[in-house]
Amino acid sequence: AQSVSQHNHHVILSEAASLELGCNYSYGGTVNLFWYVQYPGQHLQLLLKYFSGDPLVKGIKGFEAEFIKSKFSFNLRKPSVQWSDTAEYFCAARRGGGNKLTFGTGTQLKVEL
Amino acid sequence: EAGVAQSPRYKIIEKRQSVAFWCNPISGHATLYWYQQILGQGPKLLIQFQNNGVVDDSQLPKDRFSAERLKGVDSTLKIQPAKLEDSAVYLCASSLSMDNSPLHFGNGTRLTVT
């Protein structure tokens, strides 16, 4: 079965620290990859997505993710986090040309001042 | 652009009761999704509509869950009868189509079954 794994369930960082959240998927073939963010009390929002082309994808608010096909990974990064980045982050994947989006279990990020 | 609207925001019911959730997608979005998000887990797709037709309902517990999108716009998700394990946030999302369009999520309905 297709699955998405997020290794870190809870991450606590100080402001200005660098962030990397891991995501692995189990699909073979073409895959579409996404990172969504859910700020406290708000709905899920798209941070960035990868369909094809440059494996380094830049999203909103200074986030980026790198698609490494050989490792089936799509890790999320940010060089310097801010307190306002406190949120839950979800990785999601869909088989290329498919319609079913599968989410990981999420990573709760807390950024301390 | 108005977002995906869901109601109610919160619902508390006793087990064996029935409950219904409503979703109004973004105008013009042909594809509508219902997800279930249990505490500590990622959202799980329950059912996907393309206009008023069902595309995928493989993970919908059909003995108790039902959903419809009669006119290809609004949708309702019903649970009858509810079980304790149905306690979750029910998310509605919509997208322009089924291809590479990103999903836009509503705020969800938090259901507590006691």
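To start, this report covers the structure provided alongside it.

What counts, and at which threshold
- Residues numbered from 1 in each chain as written.
- Chains lettered and ligands numbered in written order.
- Predicted model: local features only at pLDDT ≥ 70, side-chain atom pairs only at ≥ 80, totals over all residues.
- Heavy atoms only, no water.
- Helix = DSSP H or I, 4+ residues; strand = E, 2+ residues; numbered from the N terminus.
- Buried < 20%, exposed > 50% of the residue type's maximum accessible area, 1.4 Å probe, protein only.
- Contact = heavy atoms within 4.5 Å.
- Buried area = accessible area lost by both parts, 1.4 Å probe.
- Salt bridge = Lys/Arg side-chain N within 4 Å of Asp/Glu carboxyl O.
- Pairing = 2+ DSSP bridges.
- Axes fitted to C-alpha atoms, helices over the stretch in contact; angles between N-to-C directions.
- Disulfide = S-S within 2.5 Å.

With that out of the way, let us pick up the overall build of chain B. Regarding its fold elements, chain B presents 0 helices and 11 strands. N-terminal to C-terminal, the α/β element order of chain B is β-β-β-β-β-β-β-β-β-β-β. Counting only C-alpha atoms and orienting by the principal axes, one finds that chain B spans roughly 40 × 25 × 25 Å. The 114 residues of chain B split such that 45% are buried.

Another point: the interface of chain B and chain A. Where the parts come together, the accessible area they lose is often given as the size of the interface. Of the residues lining the interface, 23 residues belong to chain B; the matching set on chain A comes to 17 residues. Taken over both partners, the interface formed by chain B and chain A buries close to 1600 Å², and the fraction arising from carbon and sulfur atoms is 51%. Taken as a group, Pro43, Asn100 and Phe105 of chain B account for 29% of the area that chain B buries against chain A, more than any other trio of residues on that side. Between the two partners, chain B and chain A, sit 0 salt bridges.

Right, let's get into the sheet that holds strand β3 (residues 19-24) of chain B. Residue and element names in this part refer to chain B. An order of β1-β3-β8-β7 is seen for the 4 strands of this open sheet, with the pairing classed as antiparallel. What marks the edges here is a single partner per strand, and that holds for β1 (5-7) and β7 (65-68). Here the average twist between neighbouring strands, direction ignored, is 15 degrees. Both β3 and strand β8 (residues 75-79) contribute to a ladder of 5 bridges, which runs antiparallel. Bridge pairing in β8 links Phe21 to Leu77.

Pairs can form between side chains of opposite charge whenever their charged atoms are close. Residues and elements named next belong to chain B. According to the stated counting rule, one finds 6 salt bridges over all chains in the structure shown. Of the charged contacts, one joins Arg64 and Asp86 as a salt bridge, the two residues approaching to 2.5 Å between their closest N and O atoms. In this pair, Arg64 sits in the loop between β6 (53-56) and β7 while Asp86 sits in the loop between β8 and β9 (88-95), placing the two residues 22 residues apart along the sequence.

Turning our attention to the state of the cysteines. Applying the stated criterion across every chain yields a total of 2 disulfides over all chains. At a sulfur-sulfur separation of 1.9 Å, the disulfide partner of Cys23 of chain A is Cys91 of chain A. With the S-S dihedral at roughly -65 degrees, the linkage between Cys23 of chain A and Cys91 of chain A falls on the left-handed side. Of the two residues, Cys23 of chain A sits in the loop between β3 (19-21) and β4 (24-25) while Cys91 of chain A sits in strand β10 (residues 87-95), which places them 68 residues apart along the sequence. Exposure class is identical for Cys23 of chain A and Cys91 of chain A. Each is buried. There is a disulfide in this structure between Cys23 of chain B and Cys92 of chain B, and the S-S distance comes to 1.9 Å.

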